[in-house]
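Listed below are the residues making up each chain.
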There are 2 protein chains.
Amino acid sequence: MESRCENCIIRQFNSLRAMSKEELKHVSDSKITKTVKKGEPIFEEGDKLNGVYCVRNGISKLSKLSANGKDQIVKLATKGEVLGQRSVIAEETTNLSAIAVQDMEVCFIPKESITNTLQKNPNFTLEVLRHMAHDLKEADDVIVNISQKTVKQRIAEAFLYLKNNFGEDEEGFLALTLSREDISNVVGTATESAIRIISEFKKKGLIHTSGKKIGIKDERKLVEMVEGF
Amino acid sequence: MESRCENCIIRQFNSLRAMSKEELKHVSDSKITKTVKKGEPIFEEGDKLNGVYCVRNGISKLSKLSANGKDQIVKLATKGEVLGQRSVIAEETTNLSAIAVQDMEVCFIPKESITNTLQKNPNFTLEVLRHMAHDLKEADDVIVNISQKTVKQRIAEAFLYLKNNFGEDEEGFLALTLSREDISNVVGTATESAIRIISEFKKKGLIHTSGKKIGIKDERKLVEMVEGF
DNA sequence: TTCCAAACCTGACAATTGTCATAGAATCCC
DNA sequence: GGGATTCTATGACAATTGTCAGGTTTGGAA
């Protein structure tokens, strides 16, 4: 069991790689490793976070509750991503809930380690800034997609996204299995609509399913659908 | 005519305030002040930006073209905001177009001044980071609103937003007058739908209009509508 | 294994929204 | 000032999407 941040490979994927040896050591000494079971929250909307969570394993959905009682999933975060950064930097309660969609292993890093380094190590700050710039661009893309594409297109796009970002298992099913409700919360539609469209895709031979698992059968047609043909 | 950044009040509202005297001097020496007429672009989606633009006056819409040929307005930027930061930091072409919706005065700041300072002045970097964290949160909110609220609710919300952020003129009309098309691009709907709903609001006495100008008449009802009553 | 709850699925219908067509109003430019 | 162009407005209709109301299946706990 690898328990020192200095030796943690995950670090290479996020802004922690810009930390100095000493800073990392400090982080490692103060961090707490936690396991989170599927369905359990890491934190919830409105929480005041005392640190950030570095994802070592598993996948989390970041969602926000809307006035009508439905969750909107804003992002899916996987290994290497750091959750709660925005909230710690802005010194605000978090605007999102983070809930595990798979069993997870995360490292809690107290905010002092982060804020100290932010003030002293410009490379680290810049690295964090770059990550946030990337997130912001992705958020802009989501806005455009959600407002200008039909539900059908958004669902097709979601499947392609899942394949490209989380891959497939040996049998050709998407490695990340989401419930129909989660899918509908990603694309921002009613669960029934999502189910209906999934059935339609199955009938048309675009995908195949086995229980909750979904496999992509005709990627090209899905791409065409996303692009509006 | 105030032309030195050191003396520019606008600076107090953005991350430039975290710059040192010398850094500001350098920025001031290298900046170029431009005027942009209503309807003209400051930059367009896909441009490689050689710097950022600090808004001294006027308002710009930040938009992105979707596959179906419609623009989606992602943000309205006013006095004090810095445009193009994300793109310069991520060293990518810009993902958004910035077009003036009012006559504007902007200062172009070459990216070297920015990137140099980012590497040397952690306070500045942190300040930029805070601003971006704020933008990201706002983007999350937009995602939830657009996907979970009806067009009617989003239009009501847009009017309230315009009032709160840009104020009203002496006669009680919203100070920022947008075309019906821009309004529809803010809320992500067809222009005809936006027009229809505006007419409906007028009939119900929620707003009054005079040409393109729109004034809020019954703010409480609008708020209730946004919240789903 | 069996039972229960949760998740999935489908139909019927209504509400919302987009599209197309057309006409009037405002604005710009010569 | 007048004509062209763009913006606003409205009707009619179709397509999309949401809601409600049932079913069936699945998965996990007792």
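Preceding block: the structure.
Now for a look at the structure at hand. What you are looking at is a predicted structure, and each value in this text was computed from that prediction instead of being measured.

Of all residues adjacent to DNA strand C, which total 15 residues, the nearest are R180(A), S199(A), V151(B), T189(B) and S193(B). When atoms of DNA strand C within 4 Å of the protein are sorted by moiety, sugar and phosphate together comprise 58%. Within the side chain of R196(A), one N or O atom sits 3.0 Å away from a base nitrogen of DNA strand C. S193(B) places a side-chain nitrogen or oxygen 2.9 Å from a phosphate oxygen of DNA strand C. No other element matches helix 7 (residues 191-203) of chain A, which puts 4 residues into the surface near DNA strand C. Class assignment of the residues belonging to the surface near DNA strand C gives a composition of 3 nonpolar, 5 polar and 7 charged.

The next thing to look at is the packing of helix 3 (residues 111-120) of chain A against helix 4 (residues 122-148) of chain A. Residues and elements named next belong to chain A. Here helix 3 crosses helix 4 at 110°, and the two axes come no closer than 6 Å. The angle between helix 3 and helix 4 falls in the class roughly perpendicular. Mapping the contact onto sequence places I114, T117, L118 and K120 in helix 3 and P122, F124, T125 and V128 in helix 4. A breakdown of the residues in the contact of helix 3 with helix 4 according to their chemical character gives 5 nonpolar, 2 polar and 1 charged.

Between chain A and chain B, the superposition needs a rotation of 180° and an axial shift of 0.0 Å, giving an RMSD of 0.0 Å. On this basis, the relationship between the two copies can be described by a two-fold rotation axis. Of the residues that chain A buries at the interface, 100% are likewise interface residues in chain B, meaning the two copies contact each other through the same surface.

If you look at the biggest cluster of nonpolar residues, it comprises 87 residues, and the most contacted ones within it are I42(A), L83(A), I42(B) and L83(B). Excluding residues within four positions of it along the chain, I42(A) makes contact with V36(A), Y53(A), S60(A), L83(A), A98(A), M104(A) and V106(A).

All names here are of chain B. An order of 1-8-3-6 is seen for the 4 strands of this open sheet, with the pairing classed as antiparallel. This sheet does not close on itself; its edge strands, each paired only once, are strand 1 (32-36) and strand 6 (82-83). Judged from the 2 bridges that link them, strand 3 (residues 51-57) and strand 6 form a sheet pairing that is antiparallel. Each bridged residue has a counterpart across the sheet, and for C54 the counterpart in strand 6 is V82.

To continue, consider the pattern of salt bridges. Scanning all chains against the criterion turns up 44 salt bridges over all chains. Across the pair R17(A) and E127(A) runs a salt bridge, and its minimum N-O distance is 2.9 Å. In this pair, R17(A) is assigned in the segment before helix 1 (21-30) and E127(A) in helix 4, connecting sequence segments 110 residues apart. A relative accessible area of 11% places E127(A) in the buried class. What emerges from the salt-bridge pattern is a single network uniting R17(A), E127(A), R130(A) and E91(B).

In this section: the packing of aromatic side chains. In the structure shown here, the tally under the stated rule is 8 aromatic pairs over all chains. Between the aromatic rings of F43(B) and Y53(B), the centroid separation amounts to 5.8 Å while the plane-to-plane angle is 35°, which identifies the pairing as tilted. Remark: Y53(B) occurs in strand 3 and F43(B) occurs in strand 2 (residues 41-43); sequence separation between them is 10 residues. On the basis of relative accessible area, Y53(B) is assigned to the buried category, the value being 8%. Here Y161(B) and F166(B) contribute two aromatic rings whose centre-to-centre distance is 6.3 Å and whose plane-to-plane angle is 75°, an arrangement assigned as edge-to-face. Judged by relative accessible area, F166(B) falls into the buried class, the value being 15%. Taken together, F43(A), Y53(A) and F108(A) form an aromatic cluster joined through their ring pairs. The lysine or arginine in question, K34(A), covers the ring of F108(A), its NZ or CZ lying 5.4 Å from the ring centre.

Facing 38 residues of chain A, the contacting portion of chain B comprises 38 residues. At the boundary of chain A with chain B, total buried surface from both sides reaches about 3,900 Å², with 70% on carbon and sulfur atoms. The largest per-residue losses of area from chain A upon contact with chain B belong to L129(A), I143(A) and Q148(A), which jointly make up 17% of the total buried on that side. Here K64(A) makes a salt bridge to D141(B), at a shortest N to O gap of 3.4 Å. On inspection of chain A and its partner chain B, the count reaches 16 residue pairs in polar contact (both at pLDDT 80 or more). For the side of chain A that touches chain B, the elements supplying multiple residues, two or more each, are strand 5 (71-77), helix 2 (85-90), helix 3 and helix 4 of chain A. For the side of chain A that touches chain B, the residue count by class is 17 nonpolar, 10 polar and 11 charged.

With that settled, the discussion passes to helix 8 (residues 219-227) of chain B. All names here are of chain B. The complete set of buried residues in helix 8 reads L222, M225 and V226. End-on view of helix 8: buried residues confined to an arc of 100°, all on one side of the axis. Among the exposed residues of helix 8, those oriented more than 90 degrees off its buried face are R220 and E227. The elements touched by buried residues of helix 8 are helix 5 (151-166), helix 7 (191-203), strand 9 (207-210) and strand 10 (213-216). Just downstream of helix 8, G228 is the residue with a positive phi angle, here 100°.

Rules behind the numbers
- Positions within a chain are numbered from 1, following the residues in the order the chain's sequence is written.
- Numbering of ligands from 1 and lettering of chains from A proceed in the order in which they are written.
- Note on the predicted model: pLDDT of at least 70 is required for a residue's local features to be given, and 80 or more for side-chain atom pairs to be given and counted; whole-chain, interface and lining totals, by contrast, use all residues.
- Note that water and hydrogens are dropped before the side-chain values are worked out from all heavy atoms of the structure.
- A single heavy atom is enough: if one lies within 4 Å of a molecule or strand, its residue is considered near that molecule or strand.
- Here a polar contact is taken to be a pair of N or O atoms separated by no more than 3.5 Å, where protein atoms must pair a possible hydrogen donor with a possible acceptor and residues adjacent in sequence count only if both atoms sit in side chains.
- A run of DSSP states H or I qualifies as a helix once it reaches four residues; a run of E qualifies as a strand once it reaches two. Both are numbered from the N-terminal end.
- Gly is put with the polar residues, along with every residue not named as nonpolar or charged; the nonpolar set is Ala, Val, Leu, Ile, Met, Phe, Trp, Tyr, Cys and Pro, and the charged set is Asp, Glu, Lys and Arg.
- The convention used is that axes are lines fitted to C-alpha atoms, helices contributing only their stretch in contact, and that angles between N-to-C directions extend from 0 to 180 degrees.
- Here the angle decides the label: under 35 degrees means roughly parallel, over 145 means roughly antiparallel, 65 to 115 means roughly perpendicular, and every other value means oblique.
- Only heavy atoms enter the contact rule, under which two residues are in contact if any of them lie within 4.5 Å.
- We place the copies in one frame by least squares, fitting the C-alpha atoms of every residue whose pLDDT is at least 70 in both.
- Definition used in this section: a nonpolar core is a set of buried Ala, Val, Leu, Ile, Met, Phe, Trp, Tyr and Cys residues joined via side-chain atoms within 4.5 Å.
- Only protein chains enter the accessibility calculation, which uses a 1.4 Å probe; a residue whose area is less than 20% of its type maximum is buried, one above 50% is exposed, and one in between is partly exposed.
- A pair of strands is labelled paired if DSSP reports no fewer than 2 bridges between them.
- Salt bridge, as used here: a side-chain nitrogen of Lys or Arg that lies within 4 Å of a carboxyl oxygen of Asp or Glu.
- Aromatic pairing here means that ring centres of Phe, Tyr or Trp (its six-membered ring) are within 6.5 Å. Orientation follows from the plane angle: under 30 degrees is stacked, over 60 is edge-to-face, and everything else is tilted.
- By definition, being over a ring means that NZ of Lys or CZ of Arg is both within 6 Å of the ring centre and within 35 degrees of the ring normal.
- Two parts placed together each lose some accessible area under a 1.4 Å probe, and adding up what both lose gives the buried area.
- The directions considered for the arc run from the helix axis to the C-beta atoms.

Scope: geometric values only; no functional claims are made or implied.
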